[in-house]
Every structure is written in structure tokens, then in C-alpha cells.
Amino acid sequence: MKPYLPSPTVEANLDLSPEARAQALPDSLVSHGRQLLAAIQADIPQAAHPLAQLVCNRLGAAFAQEARALARRHQVQWEDIVLANISYDLLVSSLGCSTIALPGPSGPVLARNMDWMPEDRLARASALFRCTRGSAWQFSHAGWSASLGVVSGLSAK
């Protein structure tokens, strides 16, 4: 595999429901996301599944709605989406993503190396999400088709 794969930019309209945003994800990105989810799921023990409900209880209804919508789009259980999203946090002592922010001629340049496994599937499933309300850009973030929340992003401000 190439050491770098360009990622598509996906428009995410925050005025839409979580279900509508999930349905708007490109099929090819969702297909790669399913492959990444399968690889992550293989490393998550069944005993970890109760953690998904604890995470949703802590983060609230909006988080749970997003997880359920993404699960339907990816044809998996919502717990699988949540556990995949916290898998990095569970392994943070052995992993760490390299991040850099530099001033550029047109504004800040933000770069992040997603040091998360499996690298090949993550590279194919990654995208830049450009989030808007109406026609106004709110923020952009690096993620994948089943990602919840923002790990690396840039706000309109």
C-alpha cells in the first residue's frame, strides 16, 4: 500500500438529522468503513460491550442518536460503532497520533498522522468532513465514515 492515500472531502450538513447525514455518506466510504469496523471488532473482546452503554449514558442522547444512525448505515450494531470509536482511547498507552499545526500562506495548515490500526483499512476509510449549517462552514475534521465526534479539526473561527 502507498504510504499516503488522498482522502475525499465529504459535505456534512449539520441541519440534517443524524439519520439523514448517515444516509448521505458515499457508498464507497461506507464500504471501506465496514471493512475497518470488522477489523476493529476482531480485536474487541465481547466483555467490553457493556462499555458502549456506559459511554452513551455519559455523553447523552445526541451521541446515542448519531451512533444508532451510523450503525444502521453500516449495517452493524450501535454498540460496535461506539466501541470502535473508543478503541483508540482504550489503547492510548500504546499508540499516539502525530499532529502538527503550522501557519500557511492562506491560513493554518493542520496535519495529523492517524497512527491507529489497521493502517491500510483506516487510510481507505478516512475522509475530511466539511460541516456546515445552511451555507455557512462551521468546522472541518478528519475522520472516517463511522466516526463519532471530532478528534482533529479546524473551526470556522
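The residue numbering used here restarts from 1 in each chain and proceeds along that chain's sequence as written. Whole-chain, interface and lining totals are the exception, using all residues; otherwise, since this is a predicted model, local features are given only for residues with pLDDT of at least 70 and side-chain atom pairs are given and counted only at 80 or more. Each side-chain value is derived from all of the structure's non-hydrogen atoms; neither hydrogens nor water enter the calculation.

Visitor: Could you give an account of helix H4 (residues 61–74), naming the residues involved and the relevant values?
Guide: Along an α-helix, residues three or four positions apart point the same way, because every turn accommodates 3.6 residues. Under the DSSP-based scheme used, a helix requires at least four consecutive residues in state H or I and a strand at least two consecutive residues in state E, with every element numbered from the N terminus. Take the number of residues in a helix, subtract one, and multiply by 1.5 Å to get its expected span. Along its 14 residues, H4 runs 20 Å from first to last C-alpha, staying within 8% of the 20 Å computed at 1.5 Å per residue. Categorising residues by exposure relies on relative accessible area from a 1.4 Å probe, with only protein chains included: less than 20% of the type maximum marks a residue as buried, more than 50% marks it as exposed, and the intermediate range marks it as partly exposed. Of the residues making up H4, those classed as buried are Phe63, Ala64, Ala67, Ala69, Leu70, Ala71, Arg73 and His74. Downstream of H4 by a residue or two, glutamine 75 has a phi angle that is positive, lying close to 60°.

Visitor: Quick rundown of a nonpolar patch on the surface? Include the residues and the values.
Guide: A cluster of nonpolar side chains, contributed by Ile100, Leu102 and Val109, occupies part of the molecular surface with about 250 Å² of accessible area. Following the sequence through the fold, isoleucine 100 ends up in strand E2 (residues 98–104). Think of a patch as exposed residues, more than 30% relative accessible area, with no salt bridge, where like charges cluster within 9 Å and nonpolar side chains (Val, Leu, Ile, Met, Phe, Trp, Tyr) cluster within 5 Å. For every accessible area listed, the method is Shrake-Rupley and the probe measures 1.4 Å; residues are considered covered only by the protein chains on display. Salt bridge criterion: a side-chain nitrogen from Lys or Arg within 4 Å of a carboxyl oxygen from Asp or Glu.

Visitor: Outline the pairing of strand E4 (residues 126–133), listing residues and values.
Guide: Strands were regarded as paired on the criterion that DSSP finds at least two bridges between them. Note: strand E1 (residues 9–13) against E4, five bridges, orientation parallel. Across the sheet, glutamate 11 pairs through a bridge with arginine 130, a residue of E4. Bridge count between E4 and strand E5 (residues 136–144): eight bridges; the pairing is antiparallel. Bridge pairing links cysteine 131 to phenylalanine 139 in E5.

Visitor: Residue-level account of the environment of alanine 123, with values.
Guide: Within the secondary structure, alanine 123 is located in helix H6 (residues 119–125). Distance from alanine 123 to leucine 36, taken between C-alpha atoms, is 9.5 Å for residues 87 residues apart in sequence.

Visitor: Quick one: what's the story with the layout of surface pockets, residue by residue and with numbers?
Guide: Estimates place the volume of the second largest pocket at around 480 Å³. As for the second largest pocket, its lining consists of 26 residues, of which Leu14, Arg21, Glu66, His141 and Ser147 are closest to the centre. Mapped onto the lining of the second largest pocket, the elements with two or more residues apiece are E1, helix H1 (18–23), H4, E4 and E5. The element best represented in the lining of the second largest pocket is H4, accounting for five residues. Under the convention adopted here, Pro, Cys and the residues Ala, Val, Leu, Ile, Met, Phe, Trp and Tyr are nonpolar, Asp, Glu, Lys and Arg are charged, and Gly plus all remaining residues are polar. Among the residues making up the lining of the second largest pocket, the classes are represented as 17 nonpolar, six polar and three charged. Two kinds of site are reported from a 1 Å grid over the protein atoms alone, namely cavities, where a 1.4 Å probe fits but cannot get out, and pockets, open sets with protein on both sides within 12 Å along at least five of seven lines, and residues are called lining when an atom falls within 4 Å of a point. Grid points are joined across faces, edges and corners, and a volume is the space filled by probe spheres set on the points.

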